[in-house]
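This is what each chain is made of:
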Amino acid sequence: MSNRDNENFEPKIVAFLCKWCAYSGADLAGVSRLEYPPNVIPILVPCSGKVDMQFILKAFKEGADGVFIGGCHTPNDCHYISGNYKALKRFTLMRKYLEQLGINSKRIRLEWISATEGVKFAKVMKEFVEEIKKLGPLQTR
Amino acid sequence: MKDKLPKERVGVFVCHCGRNIAATVDVKKVVEAISKHPSVVYATDYKYMCSEPGQALIKKAIKEHRLTSVVIAACTPSMHEETFRKASNEAGLNWYKCEIANIREQCSWVHSDMEKATEKAIKITFSTVEKVIRNAPLEPIKMSVKRKCLIIGGGIAGIQAALDVADAGYEVILVEKLPTIGGRMAQLAETFPTLDCAQCILTPKMVAVARHPNIRLYTLSEVVKIEGFVGNFKVTIRKKPRYVDPEKCILCGDCEKVCPVSVPSEFDRNLKERKAIYIPFPQAIPASYVIDPQTCLGLNPIICGECAEACEANAINYDDSEEIFEEEVGAIIIATGYDIYPKENIGEYGYGKYIDVIDSLQYERLVSSTGPTGGEIRRPSDGRIPKSVAFIQCVGSRDVNHLEYCSKICCMYTAKHALMYKHLVPDGTAYVFYIDIRAAGKGYEEFIKRVQEEYGVVYIRGRVSRIYEENGKLILQASDTLTGEKLNLSVDLVVLAMGMIAKKGNRDVANIAKIPVDSWGFFKEVHPKLRPVETSTNGIFVCGACQGPKDISETVSQASATAAKAIELLSKVEIYHEPIVAEVNPELCSGCKICETVCPFGAIKVVDKIAQVNEILCEGCGSCTSACPTEAIQLRNVKDEQIYSMIEAILR
């Protein structure tokens, strides 16, 4: 990966947020006016278990430097019983797969964020943007 | 992704939200940028889109510009999605052709750099336009409701729920496994903290069930199959034979007198015997005798036939047989109750070995005026009145080796037990061994105080490590953890406050009803605080101790809560279901059944090698869509192509 100076690098990050928890947590971060970097663009999905591996690959293919998935806390918060577990399994697999493609697996992150965790959402967004900044732009070609 | 789209005419409405958005996002710039989208034919901004003039502006634009979709760039969809969908619907747009771009909570409120925030707002709005042009116009799925409620379990929870639903004018089918309704509460002597006689407050309700024109009661019956979905369940019930016609039985008891078979009575927890033809307790409903086919001498008049001969009412029918029948109901309430922790698991207290070590339910029978000793407290071994009794709390509960949870009711019923003992044996001594006293409830703490202070019951904080018998006395080895002293206490009777556990059959019921249980086998509610009696299967509700340990007052409240939920459902002429559900492209489906296995709601069935979605059961989570290897199954209006185009718009 790139070792050059990434100080002015503004990463592009796509965040898949589940409707019930993470998206509401992000809304709460807004209501609480908790600032975080504007690099993250949200996409609302019904459940973290809805996030297809193809979505992640598509995002990287279209130029994303990082992909975030936010779901409901395990074990019992998922509105659809087990979607968060499905997301977790897929995420574990995806990390291995990305490494094989030569993409640092730190470029994807999965977090459980409840509707009451606005503070956590803002904190995680800050951390993730910092992390991706350190990794530099993703060069897929 | 350039897919073929019908010619869309999109209108975009960017809200200032006063200064909430406009202070950080350059709304004019957003309008200018989005106007360049090929599908956008109209874009404008306004100070407050949600206001009456704002909504009027949207409606006017829809008509004037013949818009086919609209995007409102404003606050989060949970705030005003409904407002804007309603407004655009009034102007002739389909409900699902209006989408919200959240540029407030997730943009203007969390960023301060105007240039970057504006850029982000533009991306969010673009991606929303990409989504909405691919949204299909949808109508809610309508279905009728069978105005009948099934209740499984005839304890106090099932009884209360049945009466509430029936009083509201709906038909109720109450199914009870045992020969009588009444459940555990019927076994109790008195109830805490008011010391109401349990039977006195329960039996009128049981009679009300029997007499209610809207309730059909099936005892000795079990639900063996549940098919269908909310509003339209098809239930299969198996009714075992009673061998006595309740219509004819006049409760004379002549049959019982001549029956040659005696077995321990389940109702009296083996402290008394009953015959093979018996009535569980005098106030049983249905008010009828029943033959226990396991112990009756073969139900064969050649072998015995004494009871049929003695029965002047001709109520006995040895040829009675099992019936299996179906019922159609709109709602289901599960109230299967609890068991107590098995005595075999607690070796150290000598239960089963020493006859004078009894469990809490046996004690209830022992002090009950209708119990085996007629309300006098006598030891099972020699019938003497015990001059000292030790009550041990948390037997099984709060113990990592047994049940990790607190059974919630034992502190209170043990205090009640001790008090009842003091009422019956005023000169006796009662000891209570406890870990902590948990008396959170109306009047509960006061009750405990009364037992300790007015009745002088000796409370010892500590666990009993061993019990053994010596010269007809039970010796308890324990330590008082407050003083640090080791104790050797000699008593006449030991009562174990057994923990509450889920009924063994709960898991079977869970499989039949397709609802989850927790790791202890209690039914799981959707949300512990906000949806405490609903299950993840729409139209199926749970109440009482089958959901977790609780006392009678909580059980009754929950039962009424489930009744309210069932009535809410049954009162609807039609019910509507969100049309954002999965749909299958049969040409792509390979019939691999992966979707069927991942669906948490059992909504997908592969028929003739093609997956079929039950739209009513589908909750729209999209688990199947991300698992499908051929992209044959898609979630309406959240299709893969929509997500792809949104990703493209964000990263362009």
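Treat the numbers as computed from the prediction; the structure is a model and nothing was measured.

Describe the overall build of chain A, with residues and values.
Scanning chain A from terminus to terminus reveals 4 helices and 4 strands. Sequence-ordered secondary structure for chain A, helices as α and strands as β, is β-α-β-α-β-α-β-α. Its C-alpha radius of gyration of 15 Å places chain A within 12% of the 14 Å reference for a compact globule of 141 residues. Based on the C-alpha atoms only, the size of chain A along its principal axes is roughly 40 × 35 × 20 Å. For chain A, the proportion of its 141 residues judged to be buried stands at 56%. A fraction of 81% describes how many contacts in chain A between residues 6 or more apart in sequence connect residues 24 or more apart. Roughly 6300 Å² of accessible area belongs to chain A as shown, and the carbon and sulfur atoms make up 51% of that amount. Charge centroids of chain A, computed over 21 positive and 15 negative side chains, lie 6 Å from each other.

Explain the packing of helix 2 (residues 52–64) of chain B against helix 3 (residues 77–90) of chain B residue by residue, including any values.
Residue and element names in this part refer to chain B. One way to put it is that helix 2 packs onto helix 3 with a least axis distance of 8 Å and a crossing angle of 40°. Classified by the angle between their axes, helix 2 and helix 3 sit oblique to one another. Every pair of crossing elements has a handedness; the one defined by helix 2 and helix 3 is right-handed. Across the interface between the two elements, Gln 55, Ile 58, Lys 59 and Ile 62 of helix 2 pack against Thr 83, Phe 84, Ala 87, Ser 88 and Glu 90 of helix 3.

Lay out the sheet that holds strand 11 (residues 221–229) of chain B with the relevant residues and their values.
All names here are of chain B. If you walk across this open sheet you meet the 3 strands as 11-12-17, and the pairing is antiparallel. The sheet terminates laterally at strand 11 and strand 17 (323–329), the two strands that pair on one side only. Between one strand and the next, the sheet's axes are offset by a mean angle of 20°, whatever the strand orientation. Strand direction decides the pairing type here: strand 12 (residues 232–239) and strand 17, joined by 7 bridges, are antiparallel. Paired with Val 235 across the bridge in strand 17 is Glu 327.

Give a detailed account of the nonpolar core, specifying residues and quantitative values.
Formed by 132 residues in total, the largest nonpolar core has its most connected members in B:Ile392, B:Phe433, B:Leu476 and B:Val494. With residues near it in sequence (within four places) discarded, B:Leu476 still touches B:Ala390, B:Ile392, B:Phe433, B:Val464, B:Arg466, B:Ile467, B:Leu487, B:Asn488, B:Leu489, B:Val491 and B:Val494. Among the nonpolar cores identified, the runner-up in size contains 75 residues, and A:Phe55, B:Val31, B:Tyr96 and B:Ile650 belong to it.

Would you mind going over the interface of chain A and chain B in detail, with residue names and values included?
At the junction of the two partners, chain A supplies 43 residues and chain B supplies 41 residues. The junction of chain A with chain B conceals about 3500 Å² of combined surface from both sides, 62% of it contributed by carbon and sulfur atoms. When the buried area of chain A at its contact with chain B is split by residue, A:Ile41, A:Lys50 and A:Tyr80 rank highest and sum to 16% of it. Here chain A and chain B share 3 salt bridges between them. Residue A:Lys58 is joined to B:Glu648 by a salt bridge in which the shortest nitrogen-to-oxygen separation is 2.7 Å. Connecting chain A to chain B are 16 residue pairs in polar contact (both at pLDDT 80 or more). Counting only elements with at least two residues in the side of chain A that touches chain B, the list comes to strand 1 (13–18), helix 1 (22–31), strand 2 (40–45), helix 2 (53–61) and helix 3 (83–101) of chain A. Split into classes, the residues belonging to the side of chain A that touches chain B amount to 25 nonpolar, 7 polar and 11 charged.

Outline a nonpolar patch on the surface, supporting the account with residue identities and numerical values.
On the surface, B:Leu297, B:Ile302 and B:Ile303 cluster together to form a nonpolar patch covering roughly 340 Å² of accessible area. Locating B:Leu297 in the fold gives a position in the loop between strand 16 (290–291) and helix 9 (306–310).

Run through the pairing of strand 23 (residues 458–461) of chain B, naming residues and quoting values.
Residue and element names in this part refer to chain B. Of the strand pairs in this sheet, strand 22 (residues 429–434) and strand 23 are connected by 4 bridges, and their pairing is parallel. Looking at strand 23, one finds that Val 432 is bridged to Tyr 459. For the handedness criterion, the β-α-β arrangement of strand 22, helix 12 (residues 444–453) and strand 23 is classed as right-handed.

So, the environment of B:Thr483: which residues are in play, and what are the values?
Tracing the chain through its elements places B:Thr483 in the loop between strand 25 (473–479) and strand 26 (486–491). A polar atom in the side chain of B:Thr483 sits 3.2 Å from the backbone nitrogen of B:Glu485.

The rules we used
Residues numbered from 1 in each chain as written. Chains lettered and ligands numbered in written order. Predicted model: local features only at pLDDT ≥ 70, side-chain atom pairs only at ≥ 80, totals over all residues. Heavy atoms only, no water. Helix = DSSP H or I, 4+ residues; strand = E, 2+ residues; numbered from the N terminus. Rg over C-alpha atoms; globule rule 2.2 N^0.38 Å. Buried < 20%, exposed > 50% of the residue type's maximum accessible area, 1.4 Å probe, protein only. Contact = heavy atoms within 4.5 Å. Areas by Shrake-Rupley, 256 points an atom, 1.4 Å probe, with all protein chains shown as cover. Lys, Arg positive; Asp, Glu negative; His and termini not counted. Charge placed at Lys NZ, Arg CZ, Asp CG, Glu CD. Axes fitted to C-alpha atoms, helices over the stretch in contact; angles between N-to-C directions. Parallel < 35°, antiparallel > 145°, perpendicular 65-115°, else oblique. Left-handed = near helix turned anticlockwise from the far one by under 90°. Pairing = 2+ DSSP bridges. Core = buried A, V, L, I, M, F, W, Y, C linked by side-chain atoms within 4.5 Å. Buried area = accessible area lost by both parts, 1.4 Å probe. Salt bridge = Lys/Arg side-chain N within 4 Å of Asp/Glu carboxyl O. Polar contact = N/O pair within 3.5 Å; in protein donor to acceptor, adjacent residues only side chain to side chain. Nonpolar A, V, L, I, M, F, W, Y, C, P; charged D, E, K, R; others polar. Patch = residues over 30% accessible without salt bridge, like charges linked within 9 Å, V, L, I, M, F, W, Y side chains within 5 Å. Right-handed = clockwise from strand over helix to strand, strands pointing away.

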